[in-house]
Amino acid sequence: GLASSKQDTITLTTTGTSGAATLISNTLNIPTYASGAMVLISTATASNSATIDFTGLTSAYSAYKVIYSDVVAATNGDAFWIRLGTGSTSWASGASDYAHGRYGIDVLGTTTTSTPFTTGDGTDSKIVAVDSQLNTLNYTTNGEIEIYNPSQSSKNHYITGKICAIYNNAGNANFVTGNFGAYYASTTAVTGIRMLMSTGNITSGTFKLYGIL
């Protein structure tokens, strides 16, 4: 005789403005999100990692944000770098692929002495967020990176970011806080973002990728 089969029917609905999708009594509830909402896409935890990479950026989101916390460099004095990826995936590292600039406040150790700073580079192979980190576990680097409309391919690309860190200033444990911005000199659609140190690995740290609608 003929074999018979049974297939459950699942109804798709949308509900609310945030939260996770749920499956209740064969009804899949898919949240709808308001414009500007942040959606957690992926989390990566560094463990003596050469790089932390997020790939698969698409036009599904108008912007992407990476929030990084408790980042520790394996090598004392390492800089915290960012590079962008295209295709599946080639990481841009040419000598003049990026222009970047940083500004903020540098506080000397535990003193009340603070110094405003501005620095940057108009032709570089990477984006520099922090230029000299301590590799002590309780001295960490924290902040955000945001890239705007990465999937467009008619204009060059821009990112902005924040930093809050203890860094190595001539052997002193200085506190630094500030902002940075960068320009990627290409109209090629960006599909990935990479975080790395200038020479050594990333001992530890948490990186979360969000999509912004």
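Fair warning: this is a prediction, and the values are worked out from it, not measured in the lab.

Thoughts on the sheet that holds strand β14 (residues 172-184)
Sheet strands associate in pairs through backbone hydrogen bonding, adopting either a parallel or an antiparallel arrangement.
Line of reasoning, step 1. Reading across from one edge, β4-β16-β6-β12-β13-β14-β9-β10 is the order of the eight strands in this open sheet, with antiparallel pairing throughout. In this open sheet, the two strands that pair with only one neighbour each are β4 (38-49) and β10 (114-124). Averaged over all pairs of adjacent strands, the angle between strand axes in this sheet comes to 15°, irrespective of strand direction.
Line of reasoning, step 2. As judged from the nine bridges shared by strand β9 (residues 98-107) and β10, these two strands associate in the antiparallel manner. Directly across from Tyr98, in β10, lies its bridge partner Asp124.

Quick notes on unusual backbone geometry
Line of reasoning, step 1. Following Ser88, the chain continues to Thr89 via a peptide bond in cis, the omega torsion being -10°.
Line of reasoning, step 2. Counting through the fold element by element, Thr89 comes out in the loop between β7 (80-86) and β8 (90-91).
Line of reasoning, step 3. Of note in this structure, Asp70 is not a glycine but carries a positive phi near 55°.
Line of reasoning, step 4. Within the secondary structure, Asp70 is located in strand β6 (residues 63-73).

Topic: the pattern of salt bridges
Charged atoms that come close allow side chains of opposite charge to pair.
Line of reasoning, step 1. Evaluated as defined, the whole model comprises five salt bridges.
Line of reasoning, step 2. Notably, a salt bridge pairs Lys65 with Glu146, separated by 3.7 Å at the nearest N-O pair. A residue pair is termed long-range when its members are at least 10 positions apart, and Lys65 in strand β6 and Glu146 in strand β12 (residues 141-148) qualify at 81 residues. Glu146 shares its class with Lys65; the two are buried.
Line of reasoning, step 3. A salt bridge links Lys126 to Asp124; the shortest N-O distance between them is 3.0 Å.
Line of reasoning, step 4. A relative accessible area of 9% means that Asp124 is categorised as buried.
Line of reasoning, step 5. In the salt-bridge network here, residues are joined through shared partners; they are Lys65, Glu144 and Glu146.

Some points on the environment of Leu213
Line of reasoning, step 1. Within the secondary structure layout, Leu213 lies in the segment after β16 (202-212).
Line of reasoning, step 2. Each C-alpha atom, one on Leu213 and one on Tyr64, is 8.9 Å from the other, the two residues being 149 residues apart in sequence.

Procedures and definitions
- Numbering of residues starts from 1 in every chain and runs along the sequence as written.
- Only residues with pLDDT of at least 70 are given local features in this predicted model, and only at 80 or more are side-chain atom pairs given and counted; all residues enter the totals for whole chains, interfaces and linings.
- For side-chain calculations, the full set of non-hydrogen atoms in the structure is used, while hydrogens and water are omitted.
- We treat two strands as partners when DSSP finds at least two bridges between them.
- By definition, any uninterrupted DSSP run of H or I lasting at least four residues is a helix, any uninterrupted run of E lasting at least two residues is a strand, and each is numbered from the N terminus.
- Structural elements are reduced to axes, namely lines fitted to C-alpha atoms, with helices fitted over the stretch in contact, and the angle between N-to-C directions of any two is expressed from 0 to 180 degrees.
- By convention in these notes, a salt bridge is any Lys or Arg side-chain nitrogen within 4 Å of a carboxyl oxygen on Asp or Glu.
- Only protein chains enter the calculation, and the probe is 1.4 Å; a residue is then buried if its accessible area is under 20% of its type maximum, exposed if over 50%, and partly exposed in between.

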